[in-house]
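Residue-level listing of the chains:
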Amino acid sequence: MSARPKKRRPLRAVLFLLLLTLAAAVYVRWNNTALQTAQFEPSFAGLPQGFDGCRAVVLGDFHTAYFGPDNENLLKAVREAEPEYIFLVGDLLDAFHEVPPDYAAQTARGLTDIAPTYYVTGNHEWAVGDVPELKEVLTAQGVMVLSNESVILERNGGTVVLAGIDDPNGYADQKSPETVAAEVYAAHGDPFWILLAHRNDHFPEQYCYLGADLVISGHGHGGLIRLPFTDGLVSTDRTFFPTYTAGLYEKNGSALFVTRGLGNSGSTFRLFNRPEIAIVTLRRG
């Protein structure tokens, strides 16, 4: 007597594939919407004693993203981080997404209610256009817009210089980063200074030679997809295996911190690379 052939169960296979697809979709959505708070503690021998333990929240690459109604989840997480300063390193807006009405003002208002907030432009603000109006909107909400200039921060009797430069997509006749650095030294001697500059990929060939003790950037999006033993899979310029995309780096005596950012530009997405609220705590020694 011959054995019965096994019954095929195509419906079961289809259901399994559907469930697998649904689970993958849910996981990818979670990767792009679930905020992650990350802690970093760079150490500097030259940091003024008064700034030892200073906490700053670094946010970048919003690309008009929302995390909860009116960004309430983002603002709650930032408030819980108890920052003394908030640094916005560009691409608040996105050239490939419709900019929601009042997005910039609403976001700025929520952040300045938490801590003093400083901002530099990214490439997308210039692509969207009307940057002067955007700067006025942010300034009206209490944001300090750093347009190729510097300010002094004071804490516990110590001072550091905070400089910020507009993105290279800005005006052709704007001050160069080298000019901004020269002005810092001319005005303050040889201070401990921090530079806010949107483009992470300009650090190894340009920004690391300006003399800043710490450069804070975004733009890299963490390499979009983060795999083991890589610094991200794809750059924002669509090259493979970029570097300087997330976390702390050093070159030529200058440190770099790059936030993985919050949103996505156009049709891009994140994988193993959740939206980041970065807490950078400065340490002396």
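Residues numbered from 1 in each chain as written. Predicted model: local features only at pLDDT ≥ 70, side-chain atom pairs only at ≥ 80, totals over all residues. Heavy atoms only, no water.

**Student:** What am I meant to see in the overall build of the protein here?
**Tutor:** Helix and strand content of the protein: six helices and 14 strands. The dimensions of the protein, computed from C-alpha atoms along their principal axes, are 95 × 40 × 40 Å. Each of the 285 residues in the protein was classed as buried or not, and the buried ones make up 52%. Counting contacts in the protein only where the partners sit at least 6 residues apart, residues at least 24 apart contribute 71% of the total. Counting only carbon and sulfur atoms, one obtains 56% of the accessible surface of the protein, whose full area is about 13,900 Å². (Helix = DSSP H or I, 4+ residues; strand = E, 2+ residues; numbered from the N terminus. Buried < 20%, exposed > 50% of the residue type's maximum accessible area, 1.4 Å probe, protein only. Contact = heavy atoms within 4.5 Å. Areas by Shrake-Rupley, 256 points an atom, 1.4 Å probe, with all protein chains shown as cover.)

**Student:** Would you mind going over the pairing of strand E11 (residues 247–251) with me for this structure?
**Tutor:** On any regular strand, side chains alternate: one points to one face of the sheet, the next to the other face. Examined bridge by bridge, E11 and strand E12 (residues 254–258) share five bridges and lie antiparallel to one another. Paired with Leu 248 across the two strands is Phe 257, which belongs to E12. Here E11 hands over to E12 after two residues, with Asn 252 in that stretch at a positive phi of 55°. (Pairing = 2+ DSSP bridges.)

**Student:** Sorry, what's going on with the sheet that holds strand E6 (residues 144–145) here?
**Tutor:** Working definition: the strands of a sheet are paired by backbone hydrogen bonds and lie parallel or antiparallel to each other. If you walk across this open sheet you meet the six strands as E1-E13-E3-E4-E5-E6, and the pairing is mixed. Of all the strands in the sheet, the pair left with one neighbour each is strand E1 (36–40) and E6. In terms of strand pairing, strand E3 (residues 55–59) meets strand E4 (residues 85–88) through four bridges, oriented parallel. Residue pairing across strands places Ala 56 opposite Tyr 85, the latter belonging to E4.

**Student:** How should the nonpolar core be read in this particular structure?
**Tutor:** A general tendency of soluble globular proteins is for nonpolar side chains to be buried together. If you look at the biggest cluster of nonpolar residues, it comprises 29 residues, and the most contacted ones within it are Leu 59, Phe 62, Val 78, Ile 86, Leu 138 and Ile 277. Going through the elements one at a time, E3, helix H2 (72–81), E4, helix H3 (103–112), helix H5 (131–140) and strand E13 (276–281) are the ones with two or more residues in this core. With five residues, H2 is the single largest residue contributor to this core. Excluding residues that lie within four positions of it along the chain, Ile 86 makes contacts with Val 57, Leu 59, Val 78, Leu 111, Ile 114, Ala 115, Pro 116, Thr 117 and Tyr 118. Counting 28 residues, the second-largest nonpolar core is a separate cluster that includes Phe 51, Cys 54, Ala 278 and Leu 282. (Core = buried A, V, L, I, M, F, W, Y, C linked by side-chain atoms within 4.5 Å.)

**Student:** Just to check I follow, could you spell out helix H6 (residues 177–188) for this structure?
**Tutor:** Side chains three or four residues apart in an α-helix point the same way, a direct result of the helix having 3.6 residues per turn. In this model, H6 (12 residues) spans 17 Å end to end at C-alpha, consistent with the 16 Å of a helix rising 1.5 Å per residue. All of the buried residues in H6 are Pro 177, Val 180, Ala 181 and Val 184. All buried residues of H6 fall inside an arc of 100° around its axis, so they share one side. Looking at the buried side of H6, the elements it contacts are strand E7 (149–155), strand E8 (158–164) and strand E9 (193–199). Two residues or fewer after H6 comes Gly 189, characterised by a positive phi angle close to 80°. (Expected span 1.5 Å × (residues − 1). Arc of directions from axis to C-beta.)

**Student:** What is the right way to read the sheet that holds E11 from this model?
**Tutor:** The six strands lie next to each other as E7-E8-E9-E10-E12-E11, forming an open sheet whose pairing is mixed. In this open sheet, the two edge strands, each paired with only one partner strand, are E7 and E11. Strand-to-strand twist across the sheet, computed as the mean angle between neighbouring axes with direction ignored, equals 25°. (Axes fitted to C-alpha atoms, helices over the stretch in contact; angles between N-to-C directions.)

**Student:** Could you clarify how one ought to interpret the packing of H3 against H5 in this entry?
**Tutor:** Two numbers describe a pair of packed helices, the interaxial angle and the distance between the axes. The geometry of H3 relative to H5 is characterised by a closest axis approach of 8 Å and an angle of 30° between their N-to-C directions. Of the two possible hands of crossing, H3 and H5 adopt the one that is right-handed. Touching Ala 104, Ala 105 and Ala 108 of H3 are Leu 134, Val 137 and Leu 138, all from H5. Looking at the contact of H3 with H5 residue by residue, the classes come out as six nonpolar, no polar and no charged. (Left-handed = near helix turned anticlockwise from the far one by under 90°. Nonpolar A, V, L, I, M, F, W, Y, C, P; charged D, E, K, R; others polar.)

**Student:** Can you help me understand the pattern of salt bridges in this one?
**Tutor:** For side chains of opposite charge, pairing can occur when their charged atoms come near one another. Across all of its chains, the model carries nine salt bridges by this definition. Of the charged contacts, one joins Lys 175 and Glu 183 as a salt bridge, the two residues approaching to 3.0 Å between their closest N and O atoms. (Salt bridge = Lys/Arg side-chain N within 4 Å of Asp/Glu carboxyl O.)

**Student:** Any chance you could explain the packing of aromatic side chains here in plain terms?
**Tutor:** Working definition: an aromatic ring pair is given by the centre-to-centre distance plus the angle between the planes. Per the counting criterion, the structure on display carries 13 aromatic pairs. One aromatic cluster is present, built from ring pairs that chain together Tyr 27, Trp 30 and Phe 272. (Phe/Tyr/Trp six-rings, centres within 6.5 Å; stacked < 30°, edge-to-face > 60°.)

In short, shape yes, function no, at least from these values alone.
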